[in-house]
Structures are given as C-alpha cells and as structure tokens.
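Chain by chain, the residues:
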Amino acid sequence: MRLRDLLGTPWGSTALAATLALGLAAPAGAQAPAPAPTAAPAPNPLPGAAPQAQEGAEAMAAHRAAYRLSLARSRPGGQVGQAEGAMLFEVRDACDGWTTRQRLGINVVDRAGDTVETSSDYSTWESKDGRRLRFTLTQSAQGAVMKRITGEAELNGDQGGVVRYEQPEAQQLTLPPGTILPMTHTIRALAMAKAGQKMLNVPLFDGTTDEGAQDTTTLFSAWTPPEANPRFPLLADQGSARMRIAFFSRDASAGASTPEYEVGLRYFANGVADDMKMDFGDFVLDGKLEKLEPLPHDC
C-alpha cells in the first residue's frame, strides 16, 4: 500500500477494524490522532420478527476494549517511517441483535517527515440470526471527512443476498452464496477453532467498502486453555485461539493469492480480541489491549 492510498483505506474489518480510542493518550512524543467526526448512534435494527440467535451467540460478551497501536515494522524501501494510533471497540447485546462501534485514529509519517492523520468511525447492527446488517462508516483524513458509507444488507441463508447502499451513492449489489456477516464470522471462527479445525474460507460482508463482499481466509491455531492469571477479569476461564484473517478482492484480475489486508489476533471464547497485528502491506501495526470492561445488556 502506498502512503497516498491511506486516505482511502477502510482500515480493515471483522472483527476488528477501525476507530479512535477515547481516553488513550498517544504514545510519548507522538502527535495525538485527529478526533473522529461525531457520528450518529449505532444503526437502528431493521423491522421484523425477533431473530433466533445462532448457536454460540450466548457466549459472546458485551464489552468495551481499548487498544494502543504501534509500528511493528515497515517494508524496507517503503514510504512509511513511523505509525501509531489508538482504537476503541464496543459490542453490545441489543437482544434481537448485536450493535458494534469501532473508532480508530492512526498517524503515519513518511520518510520525508510528512504526517497523514486518518480516523474512522464504524457502527453496525447485526441480527442474531446472522441475516441482516445495518452499517455506517465515516472516514476522515487531516480532519476532513473523505467518505461515508451507509446502507443495509440482507442474506437468504447460504444462497447469498443483497446490499442496498445509501451512501456514497444509492446502489444495490448482489452478495455471493455463502456470504456471512461480521459477528457471524467471529462466532463461527471460534466454534471451528474449538472443534480443532484449521481454516475457514467464506465471502464476508461488513459494510467497510462500497464494493460488496470480500473473500476471506481465516487460519486457526490450536485451542488454548484459559490462562491462570488473566490481565482482565472478563478473560477469566476463557480459552482462546490465535487466528490470521486475510481479505481478498473479488475482482479476479486482482490475483487470488495476494490479500489486500491481513490481521492476526488472539480471540477468546467470549469474543474479546487481543494481541492484534494489522498488516497494511507497507507497514504492520501491533495492537495492545490496554483497557477492557464489561457492558450491560441493552434489553
């Protein structure tokens, strides 16, 4: 990824993905990330009967997690000299669905000493049956809003579905058979890791781009028993597995062997993530979990 491309980067997905962490100071000597623009509350649920929760959904913990981001490495000869930032991720149990919000701020300094400040604010509501998603993403650079993506997606089981975008322009795209949504991906990946499986290949739609679903490959390490003395109470008695998720364009001309973005992390059984490694091509960021707290149900 070239530095100028950072202005258009969706900064990842699933799990994971994009946001300015409240209450976290920038690392010593660094310029603080530019504030993310004020965003509306998480999208409202879609109308209809309350969905039936997927198996494994009851284990997911409503929580707020704050991460400090630091440069792990940059590609030799690349443009990136320094990079740092902060991220806040929240997931809430809204009874008929999950609401999530991610706020991310990243400062990248190139070899010439110029700084690019980027931020994003990403919110979703996903039904507990994994069939419906409302999403909104606002991306900014140098304090100015560069792009907004909003809309809703609906899946018809494993047969695929449709996404109806409202911004940046009204359009409808088809989602391929087998497409899953972000929380569904987390739940399914954890179940597969616990069962000793090694790989998950699925199209994933999360609303972080206006190009529809992305192909993903997730690799799992062996399931690990709970730690004896976890850093946070919410992680007590929680087994875990390390995962690496690669995101690919569905455009065949892009080349199926080259991911657009990769993230490695450890997922605990309750859906909390730590030990992140976000690979943007020209540089890699480490994400360290700094704060973790449970959130009440919104029922």
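Cut-off values and rules
Residues numbered from 1 in each chain as written. Predicted model: local features only at pLDDT ≥ 70, side-chain atom pairs only at ≥ 80, totals over all residues. Heavy atoms only, no water. Helix = DSSP H or I, 4+ residues; strand = E, 2+ residues; numbered from the N terminus. Buried < 20%, exposed > 50% of the residue type's maximum accessible area, 1.4 Å probe, protein only. Contact = heavy atoms within 4.5 Å. Areas by Shrake-Rupley, 256 points an atom, 1.4 Å probe, with all protein chains shown as cover. Core = buried A, V, L, I, M, F, W, Y, C linked by side-chain atoms within 4.5 Å. Expected span 1.5 Å × (residues − 1). Pairing = 2+ DSSP bridges. Phe/Tyr/Trp six-rings, centres within 6.5 Å; stacked < 30°, edge-to-face > 60°. pLDDT = per-residue confidence, 0-100. Polar contact = N/O pair within 3.5 Å; in protein donor to acceptor, adjacent residues only side chain to side chain.

## Observations regarding the overall build of the chain
Of the regular secondary structure elements, the chain holds one helix and 14 strands. In the chain, which comprises 299 residues, the proportion classed as buried is 53%. Sequence-distant contacts in the chain: of pairs separated by 6 or more residues, those separated by 24 or more amount to 61%. Surface accessibility of the chain: about 13100 Å² in total, with carbon and sulfur atoms responsible for 50%.

## Observations regarding the nonpolar core
Among the nonpolar cores identified, the biggest contains 44 residues, and Tyr-67, Leu-69, Met-243 and Leu-285 are the most heavily contacted of them. At six residues, helix H1 (residues 182-194) tops the list of elements feeding residues into this core. Formed by 13 residues, the second largest nonpolar core is a distinct cluster that contains Tyr-122, Leu-133, Leu-137 and Ile-149.

## What to know about H1
The terminal C-alpha atoms of H1, which comprises 13 residues, lie 19 Å apart, in line with the 18 Å expected from a rise of 1.5 Å per residue. Burial within H1 is extensive, with ten of its 13 residues counted as buried. Taken as a whole, H1 has its buried residues at Pro-182, Met-183, Thr-184, His-185, Thr-186, Ile-187, Ala-189, Leu-190, Met-192 and Ala-193. Positive phi shows up at Gly-196, right after H1, with a value of about 85°.

## With respect to the pairing of strand E4 (residues 115-127)
Counting buried residues in E4 gives twelve out of 13 residues, a clear majority hidden from the surface. Where strand E3 (residues 97-110) and E4 come together, 13 bridges link them in antiparallel fashion. Bridge pairing in E4 links Arg-103 to Asp-121. Here nine bridges tie E4 to strand E5 (residues 132-141), and the two strands are oriented antiparallel to one another. Along E5, the bridge assignment pairs Ser-123 with Thr-136.

## Things to note about unusual backbone geometry
Negative phi is the rule for most residues except glycine; trans is the rule for most peptide bonds. The omega angle of the peptide bond from Gln-167 to Pro-168 is 10°, so this bond is cis rather than trans. Structurally, Pro-168 is set in the loop between strand E7 (161-167) and strand E8 (171-175). Phi is positive for Cys-95, close to 75°, though the residue is something other than glycine. Mapped onto the secondary structure, Cys-95 falls in the loop between strand E2 (80-93) and E3. Phi at Gln-142 takes a positive value of approximately 55°, unusual for a residue other than glycine. For Gln-142, the position within the fold is in the loop between E5 and strand E6 (144-155). Since its relative accessible area comes to 48%, Gln-142 is described here as partly exposed.

## Here we look at the packing of aromatic side chains
Inspection of every chain in the model, using the stated rule, returns six aromatic pairs. For the ring pair Tyr-165 and Phe-205, a centre distance of 6.4 Å and an interplane angle of 70° mean the geometry is edge-to-face. Here Phe-205 lies in the loop between strand E9 (199-204) and strand E10 (214-220) and Tyr-165 lies in strand E7, a separation of 40 residues in the sequence. In this pair, the class of Tyr-165 matches that of Phe-205, namely buried.

## With respect to the pairing of E3
Looking along a regular strand, one sees the side chains alternate between the two faces of the sheet. Counting buried positions along E3 yields 13 of 14 residues, so the element is predominantly enclosed. Where E2 lies against E3, 13 bridges are found, and the strand directions are antiparallel. Bridge pairing links Phe-89 to Gln-102 in E3. Hairpin geometry of E3 and E4 is characterised by an intervening segment of four residues between the two adjacent antiparallel strands and by a positive phi of about 95° at Gly-113.

## A word on the environment of Val-109
With respect to the helices, strands and loops of the structure, Val-109 is situated in strand E3. Sequence separation between Val-109 and Val-80 is 29 residues; the distance between their C-alpha atoms is 6.1 Å.

## Notes on the confidence of the model for the chain
Of all residues in the chain, 78% attain a pLDDT of 70 or more, and the chain-wide mean is 82. Here residues 1-42 is modelled with pLDDT under 50, and outside its nearest four sequence neighbours on either side it reaches 137 contacts, counting other chains as well.

## Points about the side chain of Asp-274
Position of Asp-274 among the secondary structure elements: in strand E13 (residues 273-279). Here Arg-266 takes part through its side chain, which lies 2.7 Å from a polar atom of the side chain of Asp-274. Here Asp-274 is in contact with Tyr-67, Leu-265, Arg-266, Phe-268 and Leu-289, once residues within four sequence places are set aside.

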